[in-house]
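# Structural description and commentary
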Amino acid sequence: MVGLTQVMENEAFMAFASYATIILSKMMFMSTATAFCRLTRKVFANPEDCAGFGKGENAKKYLRTDDRVERVRRAHLNDLENIVPFLGIGLLYSLSGPDLSTAILHFRIFVGARIYHTIAYLTPLPQPNRALAFFVGYGVTLSMAYRLLTGRLYL
Amino acid sequence: MVGLTQVMENEAFMAFASYATIILSKMMFMSTATAFCRLTRKVFANPEDCAGFGKGENAKKYLRTDDRVERVRRAHLNDLENIVPFLGIGLLYSLSGPDLSTAILHFRIFVGARIYHTIAYLTPLPQPNRALAFFVGYGVTLSMAYRLLTGRLYL
Amino acid sequence: MVGLTQVMENEAFMAFASYATIILSKMMFMSTATAFCRLTRKVFANPEDCAGFGKGENAKKYLRTDDRVERVRRAHLNDLENIVPFLGIGLLYSLSGPDLSTAILHFRIFVGARIYHTIAYLTPLPQPNRALAFFVGYGVTLSMAYRLLTGRLYL
């Protein structure tokens, strides 16, 4: 287990691990938010989910879509679309020997931007709050990708 | 290549690699399931996909949504939403030097819960089968995140 | 930081890092494509997004769905569904000590197939262009998973 102890001694990787765990936990919270929203508003996508609220035709009226639920789902999907590149590129970036304070700055801005994005999406705050949060997070990931692609490429 | 041989000698990481490959292969199966479902039921989302089934107006009738196809797609998206955090948090967890049997227990329960979730979603089994499968997998990922966040955080 | 220097000296891992960064950057481009498509066609999902185009009832007419926007979103989701397994399985595969030229061949074919898939989806090219691109990328990931699962499994 020598190699791994050394990996975990790399500070940029440790920082990446911490911020990645935080932002993934935040993303998981969106699943609970969707479930909560579906239950309190009685809006379901599957017949078996609303079986407890009534029988037959009475239950079918809960099979509908709802603005609020769709909003949470869009926020969740947007998270997924942005956190997956961050995880992949951030992992490789943190292993590529970046300057520690630069790396931490990248991770902090990304996590902050995504949390603000969720707040702006769910409140909802007027635009361009959400758009700005999106582009800040997007820019951070691109900046890490740029650093990787202009570094030692191996194609 | 010394460093990597050492990484691959880490048993918790090896176990993570095995279970992650299994659950990702299962998730990839959902793509085939959607394609199969679309072809057997002739339900398509793109005009070019049903060009082989007829010309002009005749083909357009296949551009529709279908309960069964939407169910497979929801199961796929739910997989994606849950397996992405598992991959990220599980990778970092397996590198953080966990107790081997505890780590394997986490991975086994997660993989079992997600396979059961797919079965419960596609059959479909009555609730709370699917909800329980979801929350078991969710709990496993949270438990690994908790272990990471209460361990050596580097913010 | 000894362990990491060694990780970054592993050529298969370096190659994976390069190709993963390229394909993730391509996937991020889909977000911009969706945003561009929404703005030029004035098709929005959230009331706050079209507040700038008019007030009250006048703005609501932009809350609609559009074939073109939905096409970009489907291409994006398909990317996500296929690139996530590639990232997970490819990372573990590149760490499992594969033959270097075989590994690079896998990564190159996958990246090429996914780029062709996006072109085929957005143009759109007639089938089976998109289906072939999909199955080539799918096959590459399965081939890496097969290699992992028939190698040293640790369950």
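Residues numbered from 1 in each chain as written. Chains lettered and ligands numbered in written order. Predicted model: local features only at pLDDT ≥ 70, side-chain atom pairs only at ≥ 80, totals over all residues. Heavy atoms only, no water.

### Re the packing of helix H2 (residues 11-41) of chain A against helix H4 (residues 67-95) of chain B
At a closest axis distance of 10 Å, the pairing of H2(A) and H4(B) adopts a crossing angle of 150 degrees. With respect to each other, H2(A) and H4(B) are oriented roughly antiparallel. In this structure, H2(A) crosses over H4(B), and the sense of that crossing is left-handed. Residue-level contacts link Phe13(A), Ala17(A), Ala20(A), Thr21(A), Leu24(A), Met27(A), Met28(A) and Ser31(A) of H2(A) to Glu81(B), Val84(B), Pro85(B), Gly88(B), Ile89(B), Leu92(B) and Leu95(B) of H4(B). (Axes fitted to C-alpha atoms, helices over the stretch in contact; angles between N-to-C directions. Helix = DSSP H or I, 4+ residues; strand = E, 2+ residues; numbered from the N terminus. Parallel < 35°, antiparallel > 145°, perpendicular 65-115°, else oblique. Left-handed = near helix turned anticlockwise from the far one by under 90°. Contact = heavy atoms within 4.5 Å.)

### As for the packing of aromatic side chains
The geometry of two aromatic rings is summed up by the distance between their centres and the angle between their planes. Taken as a whole, this structure holds 27 aromatic pairs over all chains when the rule is applied. Pairing Phe16(C) with Phe86(C) gives two aromatic rings, centres 5.9 Å apart and planes at 45 degrees, and the pair type is tilted. Placement of the pair is Phe16(C) in helix H2 (residues 11-41) and Phe86(C) in helix H4 (residues 67-95), with a sequence separation of 70 residues. For the pair formed by Phe16(C) and Phe86(C), the shared burial category is buried. Taken together, a centroid distance of 6.1 Å and an interplanar angle of 75 degrees make the contact between Phe135(C) and Tyr138(C) edge-to-face. Of the two residues, Phe135(C) and Tyr138(C) both sit in helix H6 (residues 129-150), three residues apart, roughly one turn of that helix. Judged by relative accessible area, Tyr138(C) falls into the buried class, the value being 9%. Among the aromatic residues, those joined into a ring-pair cluster are Phe16(A), Tyr19(A), Phe86(A), Tyr93(A), Phe107(A) and Phe110(A). (Phe/Tyr/Trp six-rings, centres within 6.5 Å; stacked < 30°, edge-to-face > 60°. Buried < 20%, exposed > 50% of the residue type's maximum accessible area, 1.4 Å probe, protein only.)

### A word on the nonpolar core
Within the largest apolar cluster, 99 residues are counted, with the highest numbers of intra-cluster contacts made by Phe107(A), Phe107(B) and Phe107(C). Filtering out sequence-adjacent residues up to four positions away, Phe107(C) remains in contact with Ala12(C), Ala15(C), Phe16(C), Tyr19(C), Phe86(C), Tyr93(C), Ser94(C) and Met144(C). (Core = buried A, V, L, I, M, F, W, Y, C linked by side-chain atoms within 4.5 Å.)

From the geometry alone we can't say anything about function, so treat these as descriptive.
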